[in-house]
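# Breakdown of the fold
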Amino acid sequence: MSDTISTIHGRISAQHFDSSKQLSADEIRALVQEATEAPSSFNIQHWRFIAVTDPAKKQALTAASYGQAKVSESAVTFIILGDLEGHTKLQGILNQSVDAGLLPREVAEQWVQMADSMYGSSAAFARDEAIRSASLAAMTLMLAAKVRGLVSGPMIGFDPAQVKQLFGIADQYIPVMLLPVGYPGQGNTSRKPRLRVDEVLSFNESRQF
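Residues numbered from 1 in each chain as written. Predicted model: local features only at pLDDT ≥ 70, side-chain atom pairs only at ≥ 80, totals over all residues. Heavy atoms only, no water.

## Points about the sheet that holds strand β3 (residues 151–152)
- The strand order across the open sheet formed by four strands is β1-β2-β4-β3, and the pairing between neighbours is antiparallel. Both edges of this open sheet fall to β1 (47–52) and β3, since each of them pairs with a single strand only.
- Alignment of β1 against strand β2 (residues 76–83), held across six bridges, turns out to be antiparallel. Directly across from I50, in β2, lies its bridge partner I79.
- Relative to strand β4 (residues 173–182), helix α7 (residues 123–147) is tilted by about 10°, and along the sheet it contacts β1, β2, β3 and β4. (Pairing = 2+ DSSP bridges. Helix = DSSP H or I, 4+ residues; strand = E, 2+ residues; numbered from the N terminus. Contact = heavy atoms within 4.5 Å. Axes fitted to C-alpha atoms, helices over the stretch in contact; angles between N-to-C directions.)

## Section: the pattern of salt bridges
- Tallied over the full model, the rule gives seven salt bridges.
- The residue K89 makes a salt bridge to D83 at a minimum N-O spacing of 2.5 Å.
- K89 gets classed as partly exposed once you look at its relative accessible area, which sits at 32%.
- A salt bridge links R132 to E129, with the shortest nitrogen-to-oxygen separation between them at 3.0 Å. Highlighted residues: R132 and E129, both in helix α7, separated by three residues, approximately one helical turn. (Salt bridge = Lys/Arg side-chain N within 4 Å of Asp/Glu carboxyl O. Buried < 20%, exposed > 50% of the residue type's maximum accessible area, 1.4 Å probe, protein only.)

## Concerning the packing of helix α5 (residues 90–99) against helix α6 (residues 105–120)
- Look at α5 against α6: their axes get within 10 Å of each other, and the N-to-C directions meet at 160°. With respect to each other, α5 and α6 are oriented roughly antiparallel. Regarding α5 and α6, the two cross each other, and that crossing is right-handed. Contacts between α5 and α6 involve L90, Q91, L94, N95, V98 and D99 from the first element and R105, A108, E109, W111, V112 and A115 from the second.
- Of the residues in the contact of α5 with α6, the class split is seven nonpolar, two polar and three charged. (Parallel < 35°, antiparallel > 145°, perpendicular 65-115°, else oblique. Left-handed = near helix turned anticlockwise from the far one by under 90°. Nonpolar A, V, L, I, M, F, W, Y, C, P; charged D, E, K, R; others polar.)

## Observations concerning a nonpolar patch on the surface
- The grouping of L195, V197, V200, L201 and F203 at the surface amounts to a nonpolar patch, some 530 Å² of accessible area in total.
- The topology assignment puts L201 in the segment after α9 (197–200). (Patch = residues over 30% accessible without salt bridge, like charges linked within 9 Å, V, L, I, M, F, W, Y side chains within 5 Å. Areas by Shrake-Rupley, 256 points an atom, 1.4 Å probe, with all protein chains shown as cover.)

## Let's talk about the packing of aromatic side chains
- This structure, assessed with the given rule, holds two aromatic pairs.
- Centre to centre, the rings of F42 and W111 are 5.9 Å apart; their planes meet at 65°, and the pair counts as edge-to-face. In this pair, F42 sits in the loop between α2 (25–35) and β1 while W111 sits in helix α6, placing the two residues 69 residues apart along the sequence.
- Plain terms: the ring middles of Y119 and F125 are 5.1 Å apart, the flat faces sit at 40° to each other, and that makes the pair tilted. (Phe/Tyr/Trp six-rings, centres within 6.5 Å; stacked < 30°, edge-to-face > 60°.)

## Examining the nonpolar core
- Ranked by internal contacts, the top residues of the largest apolar core, which has 22 residues, are L23, L31, F78, I80, L141, L179 and V181.
- Listing elements by their share of this core, those giving two or more residues are α2, β2, α7 and β4.
- If you tally residues by element for this core, the top one is α7, at seven residues.
- Grouped together as the second largest cluster of nonpolar side chains are 13 residues, L61, L81, M155 and F167 included. (Core = buried A, V, L, I, M, F, W, Y, C linked by side-chain atoms within 4.5 Å.)

Take a look at the structure:
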């Protein structure tokens with residue numbers, strides 16, 4: 001089994017972290033750097049990250065997460081954000097690909113027009129895309145953490161409005177999930193069983209799963 005497959009099968013959603021072990025700012029940056037390798041529509045890269053490491057801010061975030069201790073026990077809890085207005089930055093993003101010879105100028109212009117039409121005309125579609133892209137980045141971050149001997153525990157159990165207020169998050173960003181990351185503590189369970197492939201897969205047409 002390849003290292004990648006082993007990482008996928010070995011990842012767990014941790015509930016317990018070793019609060020005595022911390023991560024440096026450079027280690028946190030490395031995790032985010034790898035998270036940004038995730039795919040996104042038009043390469044908009046809708047994801048944004050707030051790394052919460054300060055003990056007092058962690059306590060406040062714990063309170064906004066209904067008292068879940070892993071928020072404060074982990075070395076860092078990421079607030080994973082999706083940018084609802086990410087498409088407005090696309091021209092500058094694509095210019096880098098054009099300058100690198102990876103994308104013709106005329107194609108880049110078409111993509112900008114398409115993205116403006118798709119996301120600028122539908123708030124719901126823009127929200128869906130922000131959540132999709134941020135979730136892909138979060139999953140990539142979880143796998144990067146596992147490779148480093150760390151554990152993670154994605155969370156949707158928090159008050160988004162309170163989190164936005166506590167951290168001064170502008171309305172263009174949606175808190176998609178919280179992601180505590182750190183060294184494993186005592187009490188984490190093994191990976192939970194998954195549905196069988198035949199329970200989730202069909203070929204060429206839908207069925208009653």
